[in-house]
Amino acid sequence: MMFLISPAGASGSLGLMLLLLGFIHLRSAASSWGYISQALIFHQVRKYLLLLDIRKDHVKFWRPQILLMVANPRGGSQLIKFINHLKKGGLFVLGHVEIGDLDTMPSDPIQAHYNFWLSLVDKLNVKAFVDLTLSPSVRQGTQHLLRITGLGGMKPNTLVLGFYDNCVPEDYFLQDPAFSQARENDEFGVDLTALQAHFPPVREGESQRALSPMEYVAIISDAVKMHKNVCLARYFHLLEKDLPTSSSKRRSEGYYIDVWPLNLLRPDTPTYVDICSLFLLQMACILTMVTSWKAARLRIFLCVESGDVGWVSKEEKLKELLTKLRIKATIKMVTWDQVVALHGHQQADGESQGIEGPTSGAARLPQFLPGKGAGEAFLNAATFRVTDEYLISVNSLLLRQGGQTAVRFLYLPRPPADTSQYQRYLEQLEILTTGLGPTLLIHGLTPVTCTEL
């Protein structure tokens, strides 16, 4: 009716009202009236979380639910962004352990830290929850988070750790404009200066750490005992900032996601279709489904010996499996006679010294008495038998593959049962992955594929 009586006056009134609303929205002070949307969301979330029954879990509906342990986000922001891609519709939780004892403190210091971590999540633009804990050690704190993080059917099934090495981390806050350019406070009172001051500077050289190598491997062992999948991420500070995208085909040419489904530290067990290998394939496939990674091509490497007459059937079986799983990938056959020979020689030397072991990469497994002790003895013996010469040769084999590899997915063997072998286990992983660029070592325990209707 207003427009019929006076179109110009009605238009001017509406324009003035919109200008006034915009001015009030931009210039008004933050209100403390609360958010009615939060009350409505709480009611709906509680209702549907109760319906999410863990007893109804099925492999066909598996999703990655990841707990990423972060010591200092200044040096781990690239990894945080990568895991945000890898979770692809699943659960993503940033976990942090503050070292301390509540008995010696007047109040809990953790509650005041949440605002800074949530502001970090906003600035990184990742879809993640935050869970912090106070504990006398990082290992105990990680155990707490693995047990209690999440709610109902939304609980982490995968633990991701940064790699334990001597690489000096880079300060990502100095590189990202979101952290280096001054801006106004966010609506929750955390300004850029306070955010920068809250997180300590990155570690320099051989400065003291809150975590020892033995404790680091113990955390991996704890997660496996708790039936959690484990991922170790190395060199992700080198990950390209401009990831290959489907919209820039020229830039994405030659980028690969490489998957090595064989346990390279245990070539005595040449199987490509166990739970861990399938978990590697699933995680790599999830990454290729992310928009910014769709243009990257997936490659799967099969290691064969030149005298192996069954390599054709292995390739055909893998192709058939990939077709059933609807995974688009290129299969690459790699001859590794010289690498296996090094493993065979050192095992033969071990036998001459009274150490049991198979004589070649495809030979029999060592014979042990049945029972729990047999498995532990095998893990300890396998860790002992792998030499640095063999690991360096495997590392060279990985580096010789052509093309620009964006990320490598490698098989992570289970930690040895003997805690005295923890240091050697970590040394083996370090030699294996030296200079490979962004690498994800994965030990999968959860079945994630199903070919049945």
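Everything quoted here is computed from the prediction, not taken from an experiment.

### Some points on the packing of helix α9 (residues 213-225) against helix α16 (residues 422-433)
Step number 1: At their nearest, the axes of α9 and α16 sit 9 Å apart, and the two run at 85 degrees to each other. Regarding the angle of α9 to α16, the classification is roughly perpendicular. Contacts from Pro 213, Met 214, Tyr 216, Val 217, Ala 218 and Ser 221 of α9 reach α16 at Tyr 422, Gln 423, Tyr 425 and Leu 426.
Step number 2: Here the contact of α9 with α16 is built from residues that sort into 8 nonpolar, 2 polar and no charged.

### Considerations on the sheet that holds strand β3 (residues 129-135)
Step number 1: What the 10 strands build is an open sheet, ordered β3-β2-β1-β4-β5-β10-β9-β6-β7-β8; its pairing is mixed. At either end of the open sheet lies a strand with only one pairing partner, and these are β3 and β8 (330-335). On average, each strand axis in the sheet is tilted by 25 degrees relative to the strand beside it, whichever way the strands run.
Step number 2: Taken together, the 3 bridges between strand β1 (residues 65-69) and strand β4 (residues 158-162) define a ladder with parallel strand orientation. Bridge pairing in β4 places Ile 66 opposite Thr 158.
Step number 3: Across the sheet, helix α4 (residues 73-87) is in contact with β1, β2 (91-99), β4, β5 (229-234), β9 (404-411) and β10 (439-443); its angle to β2 comes to roughly 145 degrees.

### Some remarks on the environment of Phe 199
Step number 1: Within the fold, Phe 199 resides in the loop between α8 (192-198) and α9.
Step number 2: As a C-alpha pair, Phe 199 and Phe 116 span 83 residues in sequence and 8.8 Å in three-dimensional space.
Step number 3: Look past the residues within four positions of Phe 199 in its chain and what remains in contact with it is Asn 72, Pro 73, Arg 74, Phe 116, Trp 117, Leu 120 and Phe 173.

### Notes on the packing of α4 against helix α5 (residues 114-124)
Step number 1: Remark: α4 packs on α5, axes separated minimally by 11 Å, with the N-to-C direction vectors making an angle of 50 degrees. Here α4 is positioned oblique relative to α5, judged by the angle of their axes. With respect to the hand of their crossing, α4 and α5 are arranged in right-handed fashion. Residue-level inspection shows Pro 73, Ser 77, Ile 80 and Lys 81 of α4 in contact with α5, the latter providing Trp 117, Leu 120 and Leu 124.
Step number 2: Taken together, the residues that form the contact of α4 with α5 break down as 5 nonpolar, 1 polar and 1 charged.

### Some words on α4
Step number 1: For α4, built from 15 residues, the straight-helix expectation of 21 Å at 1.5 Å per residue is missed by more than 12%, its first-to-last C-alpha distance being only 18 Å.
Step number 2: Where α4 bends most, the angle comes to about 30 degrees, and this point is Leu 79.
Step number 3: Buried residues dominate α4, accounting for 12 of its 15 residues.
Step number 4: Those residues of α4 not exposed but buried are Pro 73, Arg 74, Gly 76, Ser 77, Gln 78, Leu 79, Ile 80, Phe 82, Ile 83, Asn 84, Leu 86 and Lys 87.
Step number 5: Lys 88 occupies a position one or two residues after α4 and carries a positive phi of about 35 degrees.

### Here we look at helix α12 (residues 311-325)
Quick reminder: α-helices carry 3.6 residues per turn. Residues three or four places apart thus point the same way.
Step number 1: Taking 1.5 Å of rise per residue, the 15 residues of α12 would be expected to cover 21 Å, and the 21 Å separating its terminal C-alpha atoms lies within 8% of that figure.
Step number 2: Residues of α12 that are buried include every one of Glu 315, Leu 318, Leu 321, Leu 322 and Leu 325, and no others. Seen from one end, α12 has its buried residues packed into an arc of 125 degrees, which puts them on one side. Along α12, the residues that are exposed and aim more than 90 degrees away from the buried face are Lys 317 and Thr 323.
Step number 3: For α12, the elements touching its buried residues are α11 (275-288), β7 (297-304) and β8.
Step number 4: Residue Arg 326 follows α12 closely and has a positive phi angle near 60 degrees.

### With respect to the packing of aromatic side chains
Step number 1: If you walk through the whole model with that rule in mind, you get 7 aromatic pairs.
Step number 2: Each member of the aromatic cluster is reached from another via a ring pair, and the members are Phe 82, Phe 236 and Trp 293.
Step number 3: Here the guanidinium or amino end of Arg 209 rests over the ring plane of Tyr 164, the centre of that ring lying 4.3 Å away.
Step number 4: Here the basic side chain of Arg 299 rests over the ring of Tyr 256, its NZ or CZ set 3.9 Å away from the ring centre.

Basis of the calculations
- Residues numbered from 1 in each chain as written.
- Predicted model: local features only at pLDDT ≥ 70, side-chain atom pairs only at ≥ 80, totals over all residues.
- Heavy atoms only, no water.
- Axes fitted to C-alpha atoms, helices over the stretch in contact; angles between N-to-C directions.
- Helix = DSSP H or I, 4+ residues; strand = E, 2+ residues; numbered from the N terminus.
- Parallel < 35°, antiparallel > 145°, perpendicular 65-115°, else oblique.
- Contact = heavy atoms within 4.5 Å.
- Nonpolar A, V, L, I, M, F, W, Y, C, P; charged D, E, K, R; others polar.
- Pairing = 2+ DSSP bridges.
- Left-handed = near helix turned anticlockwise from the far one by under 90°.
- Expected span 1.5 Å × (residues − 1).
- Bend = angle between axes of the 7 residues up to and from the residue.
- Buried < 20%, exposed > 50% of the residue type's maximum accessible area, 1.4 Å probe, protein only.
- Arc of directions from axis to C-beta.
- Phe/Tyr/Trp six-rings, centres within 6.5 Å; stacked < 30°, edge-to-face > 60°.
- Lys NZ or Arg CZ within 6 Å of the ring centre and 35° of its normal.

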